[in-house]
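Chain by chain, the residues run as shown.
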Amino acid sequence: MTPFTLHDLQCFDAVVKAGGFQAAAQVMNRTHPAVFAAVAKLERQLGFMLLERGGYRVQLTPAGRSFHRRAQALLRELESLHAHTSQLAMGTESELRVVIGDMCPVPQTLRLLSGFFAQHRSTRLHLHFEAVTGPWERLFNDDADLIFHHIDKHDARIEWLDLCPVQFIPVAAPGFLPFRATRSIRRTQLRELTQCIMRDTAQSSESRDYFVVDGAPQCTVADQLMKKEVILCGMAWGHLPRFLIEQELRDGRLISLTGKYLTGSVEDLVAARRHDRPHGPVANQLWQLIQEQTARWRISLAP
């Protein structure tokens, strides 16, 4: 067996993942003959066939499947090395873009950011507030370096730091309901009552609705504080993060509607950033600071 090149290995990997030589050529911005030749050369150097080429889509041979599985570790290490090289070449960032989501406790977040950027005055903070799926949109559109929100933890593009669980509970002002509040309120009983919901700040058409009662009249607001005031005034009911209404629940200005059918939810608040993008030294220092202070978040939001 003669030595093979990383380029040949990358071409083979692209063919496997894309399902064919033409698709792999497009992904790698190479010509079809060039990719075909690279894989054929790799097979000659290895001394065995990697691909079955007889069908509509190329298929891995048993040997090819085993080789490809082992090659993944080398390719991932190469990708990590490229990312690290980019980080070393970036130098100190002139700016960082941070997004605070609607479920995030704002005072704790601003204290952390204020203290950090006071020590890094050469890096300008661009701070944005987004709701519902807005933080995700900015992150995946490369309009944010870091977000404070909840995420899909199965998404391989993201890395995150768990900060604290945030409980969302359905609440209303006393006297808002035309019936007695019990733990067996059904969603159908609320259909004639105004529900206060958050406006999704994402620009795409893939916005999501949380807790929305179909057919109910709606009052739409831009942030949780406005939502809280609308509900306190008896204009609507809705779901709010518990940390925002602890005092109002204790003194009776709000009542919980949580029960068998209105369960609310618990979301994990995280700090998240792209795992598939390089990050500069200031971004990494901020990440490290957040990691060191995760325990404080849980304590500060404990009921």
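Above this note sits the structure.
Residues numbered from 1 in each chain as written. Predicted model: local features only at pLDDT ≥ 70, side-chain atom pairs only at ≥ 80, totals over all residues. Heavy atoms only, no water.

Draft legend 1. Highlighting the overall build of the protein chain. Along the backbone of the protein chain there are 10 helices and 11 strands. A globule of 303 residues ought to have a C-alpha radius of gyration of about 19 Å, yet the protein chain, at 26 Å, is considerably larger. Counting every position in the protein chain, which comprises 303 residues, the buried fraction comes to 44%. Pairs at least 24 residues apart make up 72% of the contacts formed inside the protein chain by residues separated by at least 6 positions. Element-wise, carbon and sulfur atoms account for 52% of the exposed surface of the protein chain, whose accessible area totals about 16600 Å². In the protein chain, 35 positive and 32 negative side-chain charges are present, and the distance between their average locations comes to 4 Å. (Helix = DSSP H or I, 4+ residues; strand = E, 2+ residues; numbered from the N terminus. Rg over C-alpha atoms; globule rule 2.2 N^0.38 Å. Buried < 20%, exposed > 50% of the residue type's maximum accessible area, 1.4 Å probe, protein only. Contact = heavy atoms within 4.5 Å. Areas by Shrake-Rupley, 256 points an atom, 1.4 Å probe, with all protein chains shown as cover. Lys, Arg positive; Asp, Glu negative; His and termini not counted. Charge placed at Lys NZ, Arg CZ, Asp CG, Glu CD.)

Draft legend 2. View of the pairing of strand E6 (residues 158–172). Direction of pairing for E6 relative to strand E11 (residues 265–274): antiparallel, over a ladder of 10 bridges. Counterpart to glutamine 167 in the pairing with E11 is valine 266. Sheet analysis places E6 next to strand E9 (residues 238–241), joined by 4 bridges and oriented antiparallel. Its bridge partner being in E9, valine 171 is matched across the sheet by glycine 238. As defined by bridge partners, E6 adjoins strand E10 (residues 255–256) across 2 bridges and the pair is classed as antiparallel. Its bridge partner lying in E10, alanine 172 is registered against isoleucine 255. (Pairing = 2+ DSSP bridges.)

Draft legend 3. Expanded view of the packing of helix H7 (residues 224–232) against helix H8 (residues 242–251). Look at H7 against H8: their axes get within 11 Å of each other, and the N-to-C directions meet at 25°. One element, H7, and the other, H8, form an angle in the roughly parallel class. Considering the relative orientation of H7 and H8, their crossing is right-handed. On H8, the residues touching Gln224, Leu225, Lys228 and Leu232 of H7 are Leu244, Ile245 and Glu248. Of the residues assigned to the contact of H7 with H8, the class counts are 4 nonpolar, 1 polar and 2 charged. (Axes fitted to C-alpha atoms, helices over the stretch in contact; angles between N-to-C directions. Parallel < 35°, antiparallel > 145°, perpendicular 65-115°, else oblique. Left-handed = near helix turned anticlockwise from the far one by under 90°. Nonpolar A, V, L, I, M, F, W, Y, C, P; charged D, E, K, R; others polar.)

Draft legend 4. The state of the cysteines, seen in detail. Under the definition given, this model contains 0 disulfides. You can see cysteine 164 has no disulfide; the closest cysteine sulfur is in cysteine 104, sitting 7.8 Å from it. No disulfide involves cysteine 233; its sulfur sits 10 Å from that of cysteine 219, the nearest cysteine. (Disulfide = S-S within 2.5 Å.)

Draft legend 5. Focus on the packing of aromatic side chains. Applying the stated rule across the entire model yields 5 aromatic pairs. Ring centres of phenylalanine 116 and phenylalanine 117 lie 5.2 Å apart, and the angle between their planes is 85°; on these two criteria the pair is classed as edge-to-face. Three or more aromatic residues joined by ring pairs make a cluster, and in this case those are Phe12, Phe48 and Phe67. Here the guanidinium or amino end of arginine 157 rests over the ring plane of phenylalanine 140, the centre of that ring lying 3.9 Å away. The ring of tryptophan 287 carries arginine 273 above its face, with NZ or CZ at 4.4 Å from the centroid. (Phe/Tyr/Trp six-rings, centres within 6.5 Å; stacked < 30°, edge-to-face > 60°. Lys NZ or Arg CZ within 6 Å of the ring centre and 35° of its normal.)

Draft legend 6. The pattern of salt bridges, seen in detail. Taken as a whole and assessed by the stated rule, the structure comprises 18 salt bridges. When the shortest N-O distance is used, the salt bridge between arginine 53 and glutamate 43 registers 2.8 Å. Of this pair, arginine 53 sits in the loop between strand E1 (51–52) and strand E2 (59–60) while glutamate 43 sits in helix H3 (residues 32–46), and the two are 10 residues apart along the sequence. Note on arginine 53: relative accessible area 28%, which makes it partly exposed. With a relative accessible area of 7%, glutamate 43 lands in the buried category. Where arginine 277 meets aspartate 142, a salt bridge forms, and the shortest distance between an N and an O atom there is 3.3 Å. Here aspartate 142 lies in the loop between helix H6 (134–140) and strand E5 (146–149) and arginine 277 lies in the loop between E11 and helix H9 (281–292), a separation of 135 residues in the sequence. Overall, the relative accessible area of 33% leaves aspartate 142 in the partly exposed class. (Salt bridge = Lys/Arg side-chain N within 4 Å of Asp/Glu carboxyl O.)

Draft legend 7. Quick peek at a nonpolar patch on the surface. Taken together, the side chains of Val106, Leu110 and Phe129 make up a nonpolar region of the molecular surface, amounting to roughly 240 Å² of accessible area. Inspection of the secondary structure assignment puts valine 106 in helix H5 (residues 106–118). (Patch = residues over 30% accessible without salt bridge, like charges linked within 9 Å, V, L, I, M, F, W, Y side chains within 5 Å.)

Draft legend 8. Broad picture of empty space enclosed by the protein. Under the definition given, this model contains 1 cavity of 30 Å³ or more. What the largest cavity holds in volume is close to 70 Å³. In terms of lining residues, the largest cavity is bounded by Leu96, Arg97, Val98, Asp145, Leu146, Arg273, His279, Ala283, Leu286 and Trp287. Those elements giving two or more residues to the lining of the largest cavity turn out to be strand E3 (95–101) and H9. A breakdown of the residues in the lining of the largest cavity according to their chemical character gives 6 nonpolar, 1 polar and 3 charged. (1 Å grid on protein atoms, 1.4 Å probe; cavity = no way out; pocket = protein on both sides within 12 Å on 5 of 7 lines; lining within 4 Å. Points joined across faces, edges and corners; volume = space filled by probe spheres on them.)

Draft legend 9. Seen up close, the side chain of glutamine 195. Tracing the backbone through its elements, the reader meets glutamine 195 in strand E7 (residues 195–198). Only 2.9 Å separates the side chain of glutamine 195 from the backbone nitrogen of valine 213, close enough to count as a polar contact. The residues contacting glutamine 195, other than those within four sequence positions of it, are Phe211, Val212, Val213, Pro217, Gln218, Cys219, Ala236 and Trp237. (Polar contact = N/O pair within 3.5 Å; in protein donor to acceptor, adjacent residues only side chain to side chain.)

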